[in-house]
Amino acid sequence: GTTKFISGEIRWSPFSFRRLSPYVLGGLGRGTSRPNVNEFFPTPVANDAVLAFAGGGLRVPVVSGLSVIADVRFVLQLEDSEDGGVYLFGPIRGGLAWRF
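Residues numbered from 1 in each chain as written. Predicted model: local features only at pLDDT ≥ 70, side-chain atom pairs only at ≥ 80, totals over all residues. Heavy atoms only, no water.

Novice: Would you mind showing me how to read the overall build of the protein chain here?
Specialist: Per the secondary structure count, the protein chain includes zero helices and six strands. Here the C-alpha radius of gyration of the protein chain, 17 Å, is well above what a compact globule of 100 residues would show, namely 13 Å. Across the 100 residues in the protein chain, those meeting the buried criterion constitute 23%. Partitioning the intrachain contacts of the protein chain with sequence separation of at least 6 by distance along the chain shows that 49% fall at a separation of at least 24. Only carbon and sulfur atoms are counted for the fraction: they give 64% of the accessible area of the protein chain, which is about 7,300 Å². Side-chain charges in the protein chain split into 10 positive and 8 negative, and the spacing between the mean points of these groups amounts to 22 Å. (Helix = DSSP H or I, 4+ residues; strand = E, 2+ residues; numbered from the N terminus. Rg over C-alpha atoms; globule rule 2.2 N^0.38 Å. Buried < 20%, exposed > 50% of the residue type's maximum accessible area, 1.4 Å probe, protein only. Contact = heavy atoms within 4.5 Å. Areas by Shrake-Rupley, 256 points an atom, 1.4 Å probe, with all protein chains shown as cover. Lys, Arg positive; Asp, Glu negative; His and termini not counted. Charge placed at Lys NZ, Arg CZ, Asp CG, Glu CD.)

Put into structure tokens, the structure is as follows:
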């Protein structure tokens, strides 16, 4: 299935090395979960979902204002569904950060 949500997070870098800045993060989100439809569950449903996440990562500056980032976070997703859906995910993310 899919979950679409809006979230906010706080990142904190306790210290910096010459080229690396480790950070910890935490945040909350809210959205809608749509489980897969198949021959066993033929009826489409949409559930309200609340998410809480925490993790950590690294930021490496490339040029002025542009950095490469990588982090891992643990996401706890709670759904307002009949089966009391509680899910735990551990995504690994990478990307670019532009600070202006």
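Having seen the structure, we can now continue with the description.
Novice: In this structure, what is going on with the pairing of strand β3 (residues 47–63)? I would like to understand it.
Specialist: Note on strand geometry: in a regular strand, side chains alternate between the two faces of the sheet. As paired elements, strand β2 (residues 21–34) and β3 share 13 bridges and run antiparallel to each other. Looking at the pairing, Leu25 lines up with Gly55 of β3. With 14 bridges connecting them, β3 and strand β4 (residues 66–79) associate as antiparallel partners. The residue bridging Gly57 from the neighbouring strand is Asp71, located in β4. Where β3 hands over to β4, the hairpin turn is made up of two residues, of which Gly65 adopts a positive phi near 85°. (Pairing = 2+ DSSP bridges.)

Novice: For this particular structure, what's the right way to read the pattern of salt bridges?
Specialist: The full count for this structure, using the stated rule, is four salt bridges. A salt bridge links Arg73 to Glu9; its shortest N-O distance comes to 3.1 Å. Taken together, the residues span a long stretch of sequence, with Arg73 in strand β4 and Glu9 in strand β1 (residues 2–12) at a distance of 64 residues. What makes Glu9 partly exposed here is its relative accessible area of 32%. A single salt-bridge network, built from bridges that share partners, covers Glu9, Arg11, Asp71, Arg73 and Arg93. (Salt bridge = Lys/Arg side-chain N within 4 Å of Asp/Glu carboxyl O.)

Novice: Honestly, a nonpolar patch on the surface in this entry has me stumped. Any pointers?
Specialist: Together, Val50, Val72, Phe74, Leu76, Leu78, Val86, Leu88 and Ile92 line one region of the surface with nonpolar side chains, adding up to about 760 Å² of accessible area. Those elements giving two or more residues to the nonpolar patch turn out to be β4 and β5 (86–89). Considering each element in turn, the nonpolar patch owes the most residues, four residues, to β4. Of note, Val50 is situated in strand β3. (Patch = residues over 30% accessible without salt bridge, like charges linked within 9 Å, V, L, I, M, F, W, Y side chains within 5 Å.)

Novice: I would appreciate a short explanation of the packing of aromatic side chains in the present structure.
Specialist: Two numbers describe a pair of aromatic rings. These are the distance of the centres and the angle of the planes. As enumerated under the stated definition, the model contains three aromatic pairs in all. Taking the centre distance of 5.2 Å and the plane angle of 45° together, the rings of Trp98 and Phe100 count as tilted. Considered together, Trp98 and Phe100 belong to a single accessibility category, that of exposed residues. (Phe/Tyr/Trp six-rings, centres within 6.5 Å; stacked < 30°, edge-to-face > 60°.)

Novice: Looking at this structure, I do not really get the side chain of Arg73. What am I missing?
Specialist: Residue classification places Arg73 among the buried residues on the basis of a relative accessible area of 6%. Among the polar contacts made by the side chain of Arg73, one reaches the side chain of Glu9 at a distance of 3.1 Å. Once you skip the residues sitting within four places of it in the chain, Arg73 turns out to touch Glu9, Arg11, Leu25, Phe53, Ala54, Gly55, Phe89, Gly90, Pro91 and Arg93. (Polar contact = N/O pair within 3.5 Å; in protein donor to acceptor, adjacent residues only side chain to side chain.)

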